Amino acid sequence: MTTSGQTIIEMNRDSICGAALRKIGAISLGQTPNATEITNASEALNNLIAEFQTMGMPLWARFDYVVPMVALQTSYTIGDGQAVDTPFPLKILQAWTVVSTGGNIQEMWPNAIDVFNRLPTGGTSGIPSQYNYQPFINYGVLRVWPQPDATTVSTRALHISYMAPFEGFTAANQTPYFPREWNNALIYGLTDLLAPEYGIPPSDRMLFKKEAKDHLDTALDFGLENASLTFSPRE
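Keep in mind it's a predicted model, so treat the numbers as computed, not measured.

Enquirer: Would you mind going over the sheet that holds strand β7 (residues 130–135) with me for this structure?
Expert: In sheet architecture, strand pairing relies on hydrogen bonds along the backbone and comes in two forms, parallel and antiparallel. One open sheet holds the four strands; their spatial order is β2-β8-β7-β5, and the pairing between them is mixed. Two strands lie at the open edges of the sheet, namely β2 (75–78) and β5 (109–110), each paired on one side alone.

What follows is the structure, encoded as structure tokens:
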């Protein structure tokens, strides 16, 4: 048996757009989309990627980051060009502090905004044990309680595990910010979005919609974490 030995086979922005345009009959087999078709399809593709962010927390978009703590500071703005200069989290899934020497971990408890706002303020300091995260447009604000004191800042690091925003396309040769098993979800999702613009009959559009859902469900199912889930009462 002879195989290619290649496990990473990627599409780029224009190949995804071309595949979707062929499926709705906008271009013929072997035909190259014109500049206007690529521009319109790329805009729809980026909108699709933004919508995919609402689908949950795939493992490949989950990252860890160390947030620099400042003594007596409870609020940290995260985003490109912000005080914590990194792409802002869509959601913070977990937060904890780690002792610099020894590595002892203290888990932090997530709180809703209204609960966090009722926590006591004024002079309360120590090792942060609770947090709240609120995403805004292109940045987010992480708040911790109690405010870290000087000893905590010098001996511990604040870690977060978060869902990162998906990167869109800005050039023809860029590859997707997705594993390759998402290629069909991108192509058929784009096909579904473009179909109304090209006058596809409602009956055919329903077929495109079903195919888009099937491919998206397949990609989502594969991206789930294979692990047990433990519930415990809050202490």
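Further notes follow.
Enquirer: Is there a simple way to think about the side chain of Thr152 in this case?
Expert: Relative to the assigned elements, Thr152 resides in helix α4 (residues 150–155). Polar contacts involving the side chain of Thr152 include one to the side chain of Asp149, which spans 2.7 Å. Once residues lying within four places of it in the same chain are set aside, the contact partners of Thr152 are Met69, Gly126, Ile127 and Pro128.

Enquirer: Sorry if this is basic, but what is going on with the pattern of salt bridges here?
Expert: As a working rule, side chains carrying opposite charge can pair if their charged atoms are close by. Here the structure, examined in full by the defined rule, presents five salt bridges. Between Arg13 and Asp14 there is a salt bridge; the shortest N-O distance is 2.9 Å. The buried category is assigned to Arg13, whose relative accessible area is 12%. Residue classification places Asp14 among the partly exposed positions, given a relative accessible area of 27%.

Enquirer: Got a minute to help me understand the packing of helix α5 (residues 183–194) against helix α6 (residues 202–222) in this structure?
Expert: For any two helices packed against each other, one specifies the inter-axial angle together with the distance between the axes. Axis separation between α5 and α6 bottoms out at 8 Å; the angle between their running directions is 155°. As the angle between them shows, α5 and α6 are arranged roughly antiparallel. You can see that α5 and α6 cross each other, and the crossing is left-handed. Across from Asn184, Ala185, Tyr188, Gly189, Thr191 and Asp192 in α5, the residues of α6 making contact are Arg205, Phe208, Lys209, Glu211, Ala212, His215, Leu216 and Ala219. Of the residues in the contact of α5 with α6, the class split is six nonpolar, four polar and four charged.

Enquirer: How do you make sense of unusual backbone geometry when you look at a structure like this?
Expert: Across residues other than glycine, the phi torsion is negative in most instances, and most of the peptide bonds are trans. Here Trp145 and Pro146 are connected by a cis peptide whose omega angle stands at -5°. One can find Pro146 in the loop between β8 (140–145) and β9 (147–148). Of note in the backbone geometry, Leu72 takes a positive phi value of approximately 65° without being a glycine. With respect to the helices and strands, the residue Leu72 is situated in the loop between β1 (62–67) and β2. Of note, Asn138 is a non-glycine position whose phi angle comes to about 70°, a positive value. Tracing the backbone through its elements, the reader meets Asn138 in the loop between β7 and β8.

Enquirer: What exactly am I supposed to notice about the nonpolar core here?
Expert: Note on soluble globular proteins: their nonpolar side chains tend to be buried together. The biggest cluster of nonpolar side chains holds 50 residues, and the ones touching the most others in it are Leu45, Phe52, Leu142, Ile160, Leu190 and Leu194. Top element by residues in this core is helix α2 (residues 35–52). It accounts for seven residues.

Enquirer: Any chance you could explain the environment of Ile105 here in plain terms?
Expert: Within the fold, Ile105 resides in strand β4 (residues 105–107). Residue class for Ile105 comes out exposed when judged on its relative accessible area of 58%. Taking the C-alpha atoms as reference, Ile105 lies 9.7 Å from Ala157; in sequence the two are 52 residues apart. In contact with Ile105, other than residues within four places in its own chain, are Trp96, Thr97 and Val98.

About the cut-offs
- Residues numbered from 1 in each chain as written.
- Predicted model: local features only at pLDDT ≥ 70, side-chain atom pairs only at ≥ 80, totals over all residues.
- Heavy atoms only, no water.
- Pairing = 2+ DSSP bridges.
- Helix = DSSP H or I, 4+ residues; strand = E, 2+ residues; numbered from the N terminus.
- Polar contact = N/O pair within 3.5 Å; in protein donor to acceptor, adjacent residues only side chain to side chain.
- Contact = heavy atoms within 4.5 Å.
- Salt bridge = Lys/Arg side-chain N within 4 Å of Asp/Glu carboxyl O.
- Buried < 20%, exposed > 50% of the residue type's maximum accessible area, 1.4 Å probe, protein only.
- Axes fitted to C-alpha atoms, helices over the stretch in contact; angles between N-to-C directions.
- Parallel < 35°, antiparallel > 145°, perpendicular 65-115°, else oblique.
- Left-handed = near helix turned anticlockwise from the far one by under 90°.
- Nonpolar A, V, L, I, M, F, W, Y, C, P; charged D, E, K, R; others polar.
- Core = buried A, V, L, I, M, F, W, Y, C linked by side-chain atoms within 4.5 Å.

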